[in-house]
Amino acid sequence: ISDVREDIDHELISREELDSKIHEVAAIVSKDYAGKDPLLVAVLKGAVNTMAAFAQAVSIPAEIDFMSLSSYGAGTQSTGTITVRQDLSTDVKGRHVLIVEDIIDSGLTLAWLVDELKNRGAASVEVFALLEKPARRTAHVDVKYSGFTIPDEFVVGFGLDYDEKYRNLDSIAVLRPEVYEGK
Ligand code: PRP
Ligand code: MN
Ligand code: MG
């Protein structure tokens, strides 16, 4: 293909809808965390766009850091094993941490990370998930800030990939089934 849009079946959430929701959540977070100097932790790679847009929309002083976690590999199903590809550069001890995540599917990635950050001594750990897919949840995660609830379809774009591709699409979309069928 010569254009990532060629593999798209339909758009699920437009860039405008994403921006407006992210601003809405950022306004609430800016109130909730006033005076707390939160540490925003993006879960790479998927949360790259969510973090970029969200951090700019937050109006209070906030630090940002990144942790690269992988559980999907090349498939559309979670492997259940979380691999740390790259760790934080910040000591979270005593910090108010807000995890910024693109999507909660099985919940395994976030259940692991929330636990891990609490074990490292964070003063508090909360979650902002741009997308939630309740149909596939197997692990319990308390999500304080939630963007969109989506149906059980494999979505890409705005940071989300299929086999490392389509992250650079500027909105959330559903791939044409033939792209991943038979894999
Ligand atoms: C995806 C997504 C979330 C996680 C959600 O990451 O970005 O981090 O899976 O799935 P779960 O709730 O079932 O754990 P992935 O492992 O594909 O790595 P990536 O962010 O680098 O794409
Ligand atoms: Mn991810
Ligand atoms: Mg992925």
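Residues numbered from 1 in each chain as written. Chains lettered and ligands numbered in written order. Predicted model: local features only at pLDDT ≥ 70, side-chain atom pairs only at ≥ 80, totals over all residues.

1. Comments concerning the overall build of the protein
Counting its regular elements, the protein contains three helices and nine strands. In the protein, the succession of α and β elements from N to C terminus is β-α-β-α-β-β-β-α-β-β-β-β. For the protein, the C-alpha radius of gyration of 16 Å lies close to 16 Å, the compact-globule estimate for 183 residues. Viewed in the frame of its principal axes, the protein has a C-alpha envelope of about 50 × 35 × 30 Å. (Helix = DSSP H or I, 4+ residues; strand = E, 2+ residues; numbered from the N terminus. Rg over C-alpha atoms; globule rule 2.2 N^0.38 Å.)

2. A word on the site of ligand 1
What surrounds ligand 1 is a group of 17 residues, the closest being Gly46, Tyr72, Asp105, Ser106 and Thr109. Looking at the shell around ligand 1, the elements that each hand over two or more residues are β5 (96–104) and α3 (108–119). (Near = placed C-beta within 6 Å.)

3. Considering unusual backbone geometry
Going from leucine 44 to lysine 45, the amide bond is cis rather than trans, its omega being 5°. Among the secondary structure elements, lysine 45 is positioned in the loop between β2 (39–44) and α2 (48–57). Although it is not a glycine, phenylalanine 158 adopts a positive phi angle of roughly 50°. By the element assignment, phenylalanine 158 lies in the loop between β8 (155–156) and β9 (172–175). C-beta crowding within 10 Å serves as the criterion here: with 26 such atoms nearby, phenylalanine 158 is assigned to the buried category. (Buried ≥ 20, exposed ≤ 12 C-beta atoms within 10 Å, placed from the backbone.)

4. Thoughts on the packing of helix α1 (residues 15–32) against α2
At a closest axis distance of 9 Å, the pairing of α1 and α2 adopts a crossing angle of 50°. As far as their axial angle goes, α2 and α1 are oblique. Crossing handedness for the pair α1 and α2: right-handed. Counting all contacts with α1, which are made through Asp19, Ile22, His23 and Ala26, the residues of α2 involved are Thr50, Ala53, Phe54 and Ala57. Class assignment for the residues of the contact of α1 with α2 results in five nonpolar, two polar and one charged. (Axes fitted to C-alpha atoms, helices over the stretch in contact; angles between N-to-C directions. Parallel < 35°, antiparallel > 145°, perpendicular 65-115°, else oblique. Left-handed = near helix turned anticlockwise from the far one by under 90°. Contact = placed C-beta atoms within 7 Å. Nonpolar A, V, L, I, M, F, W, Y, C, P; charged D, E, K, R; others polar.)

5. A look at the pairing of β2
Each regular strand displays side chains that alternate between the two surfaces of the sheet. Counted residue by residue, β2 has five buried out of six residues, so it is predominantly covered. For β2 and strand β3 (residues 63–70), the ladder comprises six bridges, and the chain directions are parallel. Note that in β3 the partner of leucine 40 across the bridge is isoleucine 64. Handedness of the crossover joining β2 and β3 through α2 is recorded here as right-handed. Where β2 meets β5, four bridges bridge the pair, whose relative direction is parallel. Across the sheet, residue valine 41 finds its bridge partner in β5, namely isoleucine 99. (Pairing = 2+ DSSP bridges. Right-handed = clockwise from strand over helix to strand, strands pointing away.)

6. As for the nonpolar core
Ranked by internal contacts, the top residues of the largest apolar core, which has 47 residues, are Val97, Ile99, Val100 and Phe128. Discounting residues that sit within four places of it in the chain, phenylalanine 128 has contacts with Val25, Val29, Phe54, Leu98, Ile99, Val100 and Tyr145. (Core = buried A, V, L, I, M, F, W, Y, C linked by C-beta atoms within 7 Å.)

7. Some points on α2
When we look at burial in α2, the residues that qualify are Val48, Asn49, Thr50, Met51, Ala53 and Phe54. Those residues of α2 hidden inside the fold are in contact with α1, β2, β3, β5 and β6 (124–132).

8. Considering the sheet that holds β9
With antiparallel pairing, the three strands of this open sheet are ordered in space as β1-β9-β8. Of all strands in the sheet, those bounded by a partner on one side alone are β1 (8–13) and β8. Sheet analysis places β8 next to β9, joined by two bridges and oriented antiparallel. Each bridged residue has a counterpart across the sheet, and for valine 155 the counterpart in β9 is valine 174.

9. Thoughts on the confidence of the model for the protein
Of all residues in the protein, 98% have pLDDT values of 70 or greater, and the mean over the chain is 95. Predicted complex, confidence summary: ipTM 0.98, pTM 0.95. (pLDDT = per-residue confidence, 0-100.)

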